[in-house]
Number of protein chains: 2
Amino acid sequence: MGRVEYNKVSSDDLKALASIAGASDVSTEDYDLVTNSSDAFPGEPTLPEAVVWPESSSEVLKILTYASKRRIPVTVRGGGTGLTGACTPRYGGIVLNMMKMNKILDIRQLDMQVDVEPGLIYDQLNKELEPYSLFFPPDPASGKSCTIGGMISNNASGLKAVRYGATRDYVLALRVVFPAGLDLRFGARVFKYSIGYDLARMLVGSEGTLGVITEATLRLRPLPRNRRTVAAYFDSIEDGVRCIGRIRLSGLEPAAIEFLDRTHLRLISDWSGLSLPDRECMIILEFHSYSRAGLEEELSDALELLREGGSVELVVPRSEREAERIWEARRGAYPSILKACRSPIIGDIIVPLSRLLDGVMKAYELARKYEVRVGVMGHLGDGNIHANWLTDRRNRDEWERALRANADLTRYAIEVGGALSAEHGVGVEKKEFMRDQHGEVVDLMMRLKEFFDPNNILNPGIML
Amino acid sequence: MGRVEYNKVSSDDLKALASIAGASDVSTEDYDLVTNSSDAFPGEPTLPEAVVWPESSSEVLKILTYASKRRIPVTVRGGGTGLTGACTPRYGGIVLNMMKMNKILDIRQLDMQVDVEPGLIYDQLNKELEPYSLFFPPDPASGKSCTIGGMISNNASGLKAVRYGATRDYVLALRVVFPAGLDLRFGARVFKYSIGYDLARMLVGSEGTLGVITEATLRLRPLPRNRRTVAAYFDSIEDGVRCIGRIRLSGLEPAAIEFLDRTHLRLISDWSGLSLPDRECMIILEFHSYSRAGLEEELSDALELLREGGSVELVVPRSEREAERIWEARRGAYPSILKACRSPIIGDIIVPLSRLLDGVMKAYELARKYEVRVGVMGHLGDGNIHANWLTDRRNRDEWERALRANADLTRYAIEVGGALSAEHGVGVEKKEFMRDQHGEVVDLMMRLKEFFDPNNILNPGIML
């Protein structure tokens, strides 16, 4: 990859773009260039030369066809909440900002499906679905600002994946525009199919490098009728993590199994004013059930498992509001770490469940080795560990050590059969690990990229 | 597609194949050629020129590389239970029979994963998993003889997909050998990942046309602790089908929602000696639950829904054995239809849930129009309708009319946003509908086929 003889955006190009998208949807203003130059990844931002806000598939088709002929790079952007730099315009060119294509096109209650445009915000989707008693289960922590298109492009998941799966499991059909001048529909509006190569699922997680998603059909689920939350505190990391493995094998199916260590508990307490117990770690479980009686049995068995497993403090909220307070604490993890240090490195690995404890301990071992502070949290129920390195870019030496620690942990995950990323994606951040993860398959991916985007104009320098 | 200047298998080729796979694993005996010439699809069988039973990935690699150079077609075969002719050696050549690669390589209980070879029989896998309290949920009716490799190649699903999903949802990683001389591993041994193009999921359902699967890592689930079955009979198709929609939206999550119409009930009764009630249709529900109390509540609410929805007879087994009798009846659907007519045409479409009733009625309407008998059954809980045309190939005229009825129903499914196949695949049978389903995407699929298999030696004439 990495053909870099791109053309700059000329004044003729700007005129052409304005004639396609409308003059008010093309900008070269500093403010727009700067706000479209990076996501939440603390890498070097690179400015685009122009930002375009398409409003339809046909506009996207014309823009991509034009840019491909002119060899101008096009970087696709959703809510900009990504953590790996995947929407960084590394070679300048055009940022295709999808935020104006944000409509819910059709809610089909009986089909338990919805058609959406990619710029739709996650929280808004679930708000609009509520009156239909349906929801889209993947639940990223950035739900207030992330877009469905971004979630699809990164196969985002989050808090509920342990029970409900990741975004890929909910994408039934996609409309995708390719730089070679194609506007195609993949998949079908049904829950399963065997109809040839499943390109819809292959495009999920492709980080905007193959084509631009302009519509998606998502499957939905009925809103759970009953929920209960429990928070369990431990004085030992081992006890806490081991409990998670036991819960998974017990047959209990919590909708969420979250983990926060002491570092995170303290940061959240400081940031939020909630005075969380000062313990080694905390596990949060959420149970969803059709039956209230069933829910009570699950909860009671879970509490027994947690107690037997060494939990020293159990909090069982009696009301939705009390439960919400626990989830607020959990959602404070990211803002509180940002408050505590300017540019933390947010880790995202996933390991097989038998390596959960090993993986968590490895993070602490690396923190000692490289003399950096780490907070460990994550969706541990499915093996997804976020080791967050508390550092500041301006302290160059510490920053480099934190990067090395995160790199070592990423390689460890790959070595034990896991993955370099569970849900944040590859972007700029994890490119260097792609060959460790995939071996020769990386070459195949590069050839596929060429197949779909022969002039390499889409998100160049990202992922591959 | 359809480059047909293939070479015949010469005596030199047979020597080369014997030196790769061992002489006892290569055959040109009539018996072997005939038993490797077709699956359960009533199309014209075509004989291969040789059958080879590889025993390792490295043998598969050598065979494919050799055959690609020599331009000899290679058709991959599992249990031969397919219903679309996808393992028919349409251009002769070699059948690669995977039945000797049938080992369970590793059961990882804590990880809830298993590594298997593709020739492993479905039922055997679940039997071996039982002591670990784990199971592989996709549940095809052909579980006694179908292989995991075949299930992956067709994205098989079956009875439990409405709750647990299809095979694709359980494939975490694959080892695949390609004719271009590559032996590659895709995916990772974890429940979710965002690590580039998801080629593992794309290969699921590719019907052996891109590469040969030689190992698979599957995710597993804890065996359900409690189950209950209920059978509900109706005197009206409308009432029965409408109940299914209501159950889906109620928040109840049955593990199975099956449907059988009067034609099937009678065929099963005749075949099995079970005297099932002579009603318009029957719905079978199975509930799985961690909690016994929860299960009772679900069952009781379901019974109320069924009664309110017009069920005239409810059977609620009190024991596992009684429940098993209902499932035996359901499993009798396919053998009983084979008994009743020599060569039924087994339909397999899927429609959005809002079109369920419409889709079922369409099958009856087409039966009247083309004057053929039809039995309708299926996994209606996820929209998957099997309209089975009771005909006999020897009655040429009737056979043709049945084919036309099935074709019209298939096109109907595509028109309402559904799919030409839910779980049986494309094979030879449904090739003609691929353009109706995919439009221009078919061209893209053909180019992808060329990308992975430039000499078009793998399963030529299948799917595309």
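Note that the structure is predicted; figures quoted are calculated from it, not measured.

K.L.:
Break down the packing of aromatic side chains for me, citing the residues and quoting the values.
P.N.:
This model, assessed by the stated rule, comprises 15 aromatic pairs over all chains. Seen from their ring centres, phenylalanine 178 of chain B and phenylalanine 452 of chain B are 5.4 Å apart, and the 25 degrees between their planes marks the pair as stacked. Residue phenylalanine 178 of chain B is found in strand 8 (residues 171-178), and its partner phenylalanine 452 of chain B is found in helix 16 (residues 441-452); the two are separated by 274 residues along the sequence. By relative accessible area, which is 5% here, phenylalanine 452 of chain B ends up buried. Both rings, one in phenylalanine 451 of chain B and one in phenylalanine 452 of chain B, keep their centres 5.1 Å apart while their planes meet at 75 degrees; by these two values the pair is edge-to-face. Relative accessible area serves as the criterion here: at 14%, phenylalanine 451 of chain B is assigned to the buried category. An aromatic cluster is built from Phe178, Phe186, Phe451 and Phe452 of chain A together with Phe178, Phe186, Phe451 and Phe452 of chain B, whose rings are joined through pairwise contacts. When the ring centre of phenylalanine 191 of chain B is taken as reference, the NZ or CZ atom of arginine 219 of chain B above it lies at 4.2 Å. Of note, arginine 447 of chain B hangs over the ring of phenylalanine 451 of chain A, and the distance from its end group to the ring centre comes to 4.5 Å.

K.L.:
How would you sum up the pattern of salt bridges? Please name residues and give values.
P.N.:
Where side chains of opposite charge bring their charged atoms close, a pairing between them can arise. This structure, assessed with the given rule, holds 84 salt bridges over all chains. With a closest N to O distance of 3.6 Å, arginine 225 of chain A and glutamate 297 of chain B form a salt bridge. Note that arginine 225 of chain A is positioned in the loop between strand 11 (221-222) and strand 12 (226-234) and glutamate 297 of chain B in helix 10 (residues 292-308), a pairing that runs across two chains. For aspartate 392 of chain A, the salt bridge goes to arginine 394 of chain A, with nearest N and O atoms at 2.6 Å. Take aspartate 392 of chain A: its relative accessible area is 16%, and that puts it in the buried class. Each of the salt bridges in this network shares a partner with another, and the network as a whole consists of Asp106, Arg108, Asp111, Asp115 and Arg189 of chain A.

K.L.:
Pulling in residues and values, what's your account of the confidence of the model for chain A?
P.N.:
Considering every residue of chain A, the mean pLDDT works out to 96; 99% of them sit at 70 or more. Listed scores for the predicted complex are pTM 0.97 and ipTM 0.96.

K.L.:
Any chance you could break down the domain arrangement of chain A for me, citing the residues and the numbers?
P.N.:
Residues and elements named next belong to chain A. Taken domain by domain, chain A comprises domain 1 (104-222), domain 2 (226-334) and domain 3 (341-429). Each of domain 1 and domain 3 has a C-alpha centre, and these two points are 28 Å apart. With nine residues of domain 1 at the contact, the number on the domain 3 side is nine residues. Across the domain 1 to domain 3 interface the summed buried area is about 580 Å²; carbon plus sulfur atoms make up 42%. Counting across the domain 1 and domain 3 interface gives zero salt bridges. Here domain 1 and domain 3 share four residue pairs in polar contact (both at pLDDT 80 or more) between them. Within the side of domain 1 that touches domain 3, the residues separate by chemical class into four nonpolar, four polar and one charged.

K.L.:
Describe the packing of helix 9 (residues 262-272) of chain B against helix 12 (residues 333-340) of chain B, listing the residues and the values that go with them.
P.N.:
Any two packed helices are characterised by how steeply their axes cross, that is the angle between the axes, and by the distance between the axes. Residue and element names in this part refer to chain B. Between helix 9 and helix 12, the shortest axis-to-axis distance is 9 Å and the interhelical angle comes to 80 degrees. Classed by the angle they form, the pair helix 9 and helix 12 counts as roughly perpendicular. Touching His264, Leu267, Ile268 and Trp271 of helix 9 are Ala333, Pro335, Ser336, Ile337, Lys339 and Ala340, all from helix 12. Each residue belonging to the contact of helix 9 with helix 12 can be placed in one class, and the counts come to seven nonpolar, two polar and one charged.

K.L.:
Lay out the nonpolar core with the relevant residues and their values.
P.N.:
Formed by 220 residues in total, the largest nonpolar core has its most connected members in Trp389 of chain A together with Trp389 of chain B. Apart from residues lying up to four places away in sequence, tryptophan 389 of chain B is in contact with Pro344, Ile345, Ala363, Leu366, Ala367, Val372, Arg373, Val374, Ala402, Ala405, Asn406 and Leu409 of chain B.

K.L.:
Pulling in residues and values, what's your account of the interface of chain B and chain A?
P.N.:
Facing 85 residues of chain B, the contacting portion of chain A comprises 85 residues. Taking both partners together, chain B and chain A bury about 7000 Å²; carbon and sulfur atoms supply 62% of that area. It is Lys192, Tyr197 and Tyr290 of chain B in chain B that bury the most area against chain A; as a group they hold 14% of the surface buried on that side. At the junction of chain B with chain A, the criterion picks out 14 salt bridges. The interface formed by chain B and chain A holds 30 residue pairs in polar contact (both at pLDDT 80 or more) in total. Contributing elements (two or more residues each) for the side of chain B that touches chain A: helix 6 (161-164), strand 9 (182-187), helix 7 (199-203), strand 11 (221-222), helix 8 (237-249), helix 10, helix 15 (434-438) and helix 16 of chain B. Tallying contributions element by element places helix 16 of chain B first for the side of chain B that touches chain A, with eight residues. Of the residues assigned to the side of chain B that touches chain A, the class counts are 37 nonpolar, 24 polar and 24 charged.

Rules used throughout
- Residues numbered from 1 in each chain as written.
- Chains lettered and ligands numbered in written order.
- Predicted model: local features only at pLDDT ≥ 70, side-chain atom pairs only at ≥ 80, totals over all residues.
- Heavy atoms only, no water.
- Phe/Tyr/Trp six-rings, centres within 6.5 Å; stacked < 30°, edge-to-face > 60°.
- Helix = DSSP H or I, 4+ residues; strand = E, 2+ residues; numbered from the N terminus.
- Buried < 20%, exposed > 50% of the residue type's maximum accessible area, 1.4 Å probe, protein only.
- Lys NZ or Arg CZ within 6 Å of the ring centre and 35° of its normal.
- Salt bridge = Lys/Arg side-chain N within 4 Å of Asp/Glu carboxyl O.
- pLDDT = per-residue confidence, 0-100.
- Domains from an automatic or database assignment.
- Contact = heavy atoms within 4.5 Å.
- Buried area = accessible area lost by both parts, 1.4 Å probe.
- Polar contact = N/O pair within 3.5 Å; in protein donor to acceptor, adjacent residues only side chain to side chain.
- Nonpolar A, V, L, I, M, F, W, Y, C, P; charged D, E, K, R; others polar.
- Axes fitted to C-alpha atoms, helices over the stretch in contact; angles between N-to-C directions.
- Parallel < 35°, antiparallel > 145°, perpendicular 65-115°, else oblique.
- Core = buried A, V, L, I, M, F, W, Y, C linked by side-chain atoms within 4.5 Å.

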